[in-house]
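Descriptive analysis of the structure
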Amino acid sequence: MPQAPPLITLLTDFGDRDWFVASMKGAILTINPAARIVDLTHHIAPHDIAGAAYVLGACYRSFPDGTIHVVVVDPGVGTARRPLLVSTSRCTFVAPDNGVLSHALAQESVVDVRQLEHAQYKLQSAGSTFDGRDVFAPAAAWLSTGVRPESFGRVLHDPVTMAIAVPRQEGQALVGQVVYVDRFGNLISNLTPQHLRDAQALTKRSSPRIGIGAYTIEGLVGSYSEGTTGAPRALINSHGYLEIFVKEGRASDVVKAARGERITIA
């Protein structure tokens, strides 16, 4: 049985109102009609590079080895920012060089980073406002047909990366932060069960005392159903991170917190 072509995933801030995503898919399917395309999301907030980086890092490992991930959150389109092709030991990323791959690449062994520069693998356009269709989608399509990464352009050694916040100790407290707010208003932190154990060793408490905004949350629950309506509670989510939620409500509204909000365990 012939091997199926690699999956191509798409993650953008284009939304689903306009023709942008459809045009990217059309470009891919024109080059490789057998391509398999999966939408990660197209509802990243406009120009939110950090949000896109987190979403990609949270889900790309759910896909099989060999997947090609296309990320287009690109406020620098049309400028001197470079278009990248990044090969790792298990998958490939095609994206602008603006730090949007930071979370994913922190989890991977990078094999090769190249600039997408050879014209035969791009679409010709009258303007320079839509590299999603003209540069990134064609590159992914050609990759899915078997074109080797070295065919696309020169090796780069200095891709842009953004700092990834890590928890830190302050006195007898461990301090993390909200790194993502999902559509339910849940506040996802960068604190793991190991951080909770580290805090417990500092405080000698039998259960964590979690501070966020004006709220103090005593201990953890095991599921959303164990929460109290209108009051923030905390649990470890299925990705292995501390999450603040409100049962059948929005923790972001109740706590009045957004990405970057300080969370303490004391």
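In what follows, the accompanying structure is described.

Once that is clear, we can look at empty space enclosed by the protein. Summed over all chains, the structure comprises two cavities of 30 Å³ or more. If you go around the largest cavity, the residues you meet are L84, V86, P96, D97, N98, G99, L101, S102, L105, P159, V160 and T161. Sorting the residues of the lining of the largest cavity by element identifies β4 (83-88) and α3 (102-105) as the ones contributing at least two each. When its residues are assigned to classes, the lining of the largest cavity shows seven nonpolar, four polar and one charged. Reported here for the second largest cavity is a volume of approximately 30 Å³. Residue lining of the second largest cavity: L116, E117, H118, Y121, K122, V135, A139 and F152, and that is the complete set. Its residues assigned to classes, the lining of the second largest cavity comprises five nonpolar, one polar and two charged.

Moving on, we get to the pattern of salt bridges. The final tally for this structure, using the stated rule, is 16 salt bridges. The shortest N-O distance in the salt bridge between D131 and R81 comes to 2.8 Å. Highlighted residues: D131 in helix α4 (residues 131-144) and R81 in the loop between β3 (68-72) and β4, separated in sequence by 50 residues. With respect to class, D131 is no different from R81; both count as buried. It is possible to trace a salt-bridge network through shared partners that takes in D74, R81 and D131.

Moving on, we come to the sheet that holds β3. Read from one edge to the other, the open sheet built from six strands follows the order β2-β1-β3-β5-β4-β6, with strand pairing classed as mixed. Unpaired on one side and paired on the other, β2 (36-41) and β6 (110-115) mark the two borders of the sheet. Adjacent strand axes in the sheet meet at a mean angle of 20 degrees, parallel and antiparallel pairs treated alike. As judged from the five bridges shared by strand β1 (residues 7-12) and β3, these two strands associate in the parallel manner. In the strand pairing of β3, L10 is matched with V70. Along the sheet, helix α1 (residues 20-31) contacts β1, β2 and β3; its crossing angle with β1, the most-contacted strand, is approximately 155 degrees.

This part takes up the side chain of E243. Inspection of the secondary structure assignment puts E243 in strand β13 (residues 242-246). Buried E243, no salt bridge; nearest opposite-charge side chain is R250, N-O distance 11 Å. Those residues in contact with E243 that sit more than four places away from it in its chain are N186, L187, I188, Y224, R233, A234, L235 and N237.

The next thing to look at is α1. An ideal rise of 1.5 Å per residue puts 16 Å on twelve residues; α1 measures up with 17 Å between its terminal C-alpha atoms. Turning to α1, its buried residues are V21, M24, A27, I28 and I31. One side of α1 carries all its buried residues, which in axial view fall inside an arc of 125 degrees. Residues of α1 that are exposed and angled more than 90 degrees away from the buried face: A22 and T30. As for α1, its buried residues are in contact with β1, β2, β3 and α4.

Glancing now at the environment of F130. Structurally, F130 can be placed in the loop between β6 and α4. Considered as a pair, F130 and F20 are 110 residues apart in the sequence and their alpha carbons are 8.3 Å apart. Once you skip the residues sitting within four places of it in the chain, F130 turns out to touch F14, F20, S23, M24 and V77.

Criteria and thresholds
Within every chain, residues take consecutive numbers counted from 1 along the sequence as written. Local features are withheld for residues below a pLDDT of 70 in this predicted model, meaning they are given only at 70 or higher, and side-chain atom pairs are given and counted only at 80 or more; totals for whole chains, interfaces and linings count all residues. Note that the side-chain values use all heavy atoms of the structure and ignore hydrogens as well as water. Using only the protein atoms, space was sampled on a 1 Å grid; points where a 1.4 Å probe fits but cannot get out form cavities, open sets with protein on both sides within 12 Å along at least five of seven lines form pockets, and lining residues are those with an atom within 4 Å of a point. Grid points are joined across faces, edges and corners, and a volume is the space filled by probe spheres set on the points. The way it works is that DSSP assigns letters per residue, a run of H or I at least four long becomes a helix, a run of E at least two long becomes a strand, and they are numbered from the N terminus. Under the scheme applied, nonpolar residues are Ala, Val, Leu, Ile, Met, Phe, Trp, Tyr, Cys and Pro; charged residues are Asp, Glu, Lys and Arg; polar residues are all the others, including Gly. In what follows, salt bridge is the name for a side-chain nitrogen of Lys or Arg lying within 4 Å of a carboxyl oxygen of Asp or Glu. Each residue is placed in one exposure class: buried if its accessible area under a 1.4 Å probe, protein chains only, is under 20% of its type's maximum, exposed if it is over 50%, and partly exposed if it falls in between. For two strands to pair, DSSP has to find at least two bridges joining them. Axis definition: a line fitted to C-alpha atoms, limited for helices to the stretch in contact. Angles are taken between N-to-C directions and run from 0 to 180 degrees. Any two residues having at least one pair of non-hydrogen atoms within 4.5 Å are treated as being in contact. When charges are counted, Lys and Arg are positive and Asp and Glu negative, with His and the chain ends excluded. One less than the number of residues in a helix, times 1.5 Å, gives the span that helix is expected to have. The directions from the helix axis to the C-beta atoms are what the arc is built from.

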